[in-house]
Amino acid sequence: MAATLIKNGRIVTAVDDYTADILVAEGKIRTIGEDIQVGPDVDVHDAQGLLVLPGGVDVHTHLDWEFGPSRTVDTFETGTKAAAYGGTTTVIDFCNQPRGQSPLAGLEEWHVRRATACVDVGAHMIMLDVNDQSLADMKTLIHREGVSTFKLFMAYPGVLMLDDGALFKAMRLAGANGGMTCVHAENGAVIQVLIEEALAQGHTAPKYHSVTRPSILEGEATHRAIRLAELAEAPLYIVHLSAGEALAAVTEARDRGIRVHAETCPHYLFLTDEEYLRPGFDAAKFVMTPPLRDHNHQAHLWRGLKTDDVQVVSTDHCPFCFNAEPYGMKFSKQQGRDDFSKIPNGAPGLETRLPLFFDGAVNQHGMSINRFVEIVSTTPAKLFGLFPRKGTIAVGSDGDIVLFDPKEQWTIRAAEQHSRVDYALFEGRPVTGRVKKVFLRGQCIVADQIWHGRAGMGQYLSRGEAGKS
Ligand code: DUC
Ligand code: ZN
Ligand code: ZN
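A quick note: this is a predicted structure, and the numbers were derived from the prediction, not measured. (Residues numbered from 1 in each chain as written. Chains lettered and ligands numbered in written order. Predicted model: local features only at pLDDT ≥ 70, side-chain atom pairs only at ≥ 80, totals over all residues. Heavy atoms only, no water.)

### Observations concerning the sheet that holds strand β6 (residues 56-61)
Taking strand neighbours across the sheet as the criterion, the eight strands line up as β6-β9-β10-β11-β12-β13-β14-β15 in an open arrangement whose pairing is parallel. The open sheet has two edge strands with one neighbour each: β6 and β15 (312-313). Of the strand pairs in this sheet, strand β11 (residues 149-153) and strand β12 (residues 180-184) are connected by five bridges, and their pairing is parallel. Bridge pairing in β12 places Thr 149 opposite Met 180. Strands β12, β13 (236-238) and β14 (260-264) of the sheet are contacted by helix α7 (residues 215-232), whose axis makes an angle of about 170° with β13. (Pairing = 2+ DSSP bridges. Helix = DSSP H or I, 4+ residues; strand = E, 2+ residues; numbered from the N terminus. Contact = heavy atoms within 4.5 Å. Axes fitted to C-alpha atoms, helices over the stretch in contact; angles between N-to-C directions.)

In structure tokens, the structure reads:
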């Protein structure tokens, strides 16, 4: 593979900001310096006027993922191609432990599906059965398979939910072995009561998804998860945090020195529960879990990003089409047309995370570009055992690099995106800041909206110790 030289760009990492050239060879950054001279065999890219950023690290995706009776519509090929167009070169995706089987069997099956990935991918394991054998398998996953993070659900009774004893055992095992649990914190049992009552009253519209998942139940579960992790002496990562009450629990624990981390997602930062007032079934596009909250919660999330009580912005890319065609009902929100509780929970976002968050955070909220990089790339790489291979621009790191124009204005349109999903949460939203070129281990895979990558070029990322930032 030819070496690549990126010249004249403004390199911004979580801690640096300077102008220099970067030489990448055999996938790694070899030299960073002024006016690097190379021969004619080197692929040269001029980054004058552009930001040169480490590739984005999205630690929360569901590609080709089975979720109860539904399946997400993106394959690894389409989802990671969308990621690449949006400047994300590393994805950590969720893999299911098959019910009643070893999580290792789930990983084997996941590896078959991830073989078409266009960017580098790692796996988290979703634990469905916690018993002596699966706890032993968790150790094997961490030490042999490079899967050092585990998702545990406190919601969806009968489908994904674990009881507190199982949560505690999995947390303790992970913590003692350099792993970390990633918890979906909502009180599933109480939500189930609210759902049954709503349906009994004939409330079937999508907005009842939000009504039956109040923020107080996210706050309660977050507090409980933190206490269990504290007792287990294990690091904890709260996924898709959306509520002020949940953030208060995280902040309180972090102030006490507890190793709890939190991510939020662009939809919680930029959209509100007003979307559920859309007429007809259109609101189903916004049915994700937790649901969108109001402006007050949003203000808390922005505060958390400022104070580092929220450390990561990831997508929770969990795409289901609005329409049943062409992929079928299994992949569609239409399953819940007559019953909100049957709408597959999830929404797309992989392709827009970087520019959308750049525009909102840097342009509108005055965040430094360093902090932006930290949130979308460096901290996720650190917390999930990938740093310094991923998450920064440094000699020896992978040549995963994004050339970004902070001034270009464009508009989000689902029709112009690369996911298989048929809608965008942010349809029609103007954005300032655009991905111009993307390099994966030195290879240019996207240039000015043209695809140069290849299905299958993404490598599996065997990850190290998790929970350290
Ligand atoms: N939680 C997720 O993280 N993704 C999809 C659905 C859910 O509840
Ligand atoms: Zn979840
Ligand atoms: Zn998710």
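### Things to note about the side chain of Ser 377
Position of Ser 377 among the secondary structure elements: in helix α12 (residues 369-383). Polar side-chain contacts of Ser 377 include one of 2.9 Å to the backbone oxygen of Gly 55. Residues in contact with Ser 377, not counting those within four places in the same chain, are Pro 54, Gly 55, Gly 56, Val 57 and Gly 391. (Polar contact = N/O pair within 3.5 Å; in protein donor to acceptor, adjacent residues only side chain to side chain.)

### Some points on the site of ligand 1
Near ligand 1 you find His 60, His 62, Phe 67, Lys 151, Phe 153, Tyr 156, His 184, His 240, Thr 289, Asp 316, Cys 318 and Asn 345, and these make up its full shell. His 62 places a polar side-chain atom, nitrogen or oxygen, 3.0 Å from a nitrogen atom of ligand 1. Here Lys 151 contributes a side-chain N or O atom positioned 2.4 Å from an oxygen atom of ligand 1. Calculation on ligand 1 without its partners gives an accessible area of 230 Å², and the protein chains cover 100% of this total. In this structure, ligand 1 is accommodated by the second largest cavity. (Near = heavy atom within 4 Å. Areas by Shrake-Rupley, 256 points an atom, 1.4 Å probe, with all protein chains shown as cover. 1 Å grid on protein atoms, 1.4 Å probe; cavity = no way out; pocket = protein on both sides within 12 Å on 5 of 7 lines; lining within 4 Å. Sits in = over half its atoms within 2 Å of the grid points.)

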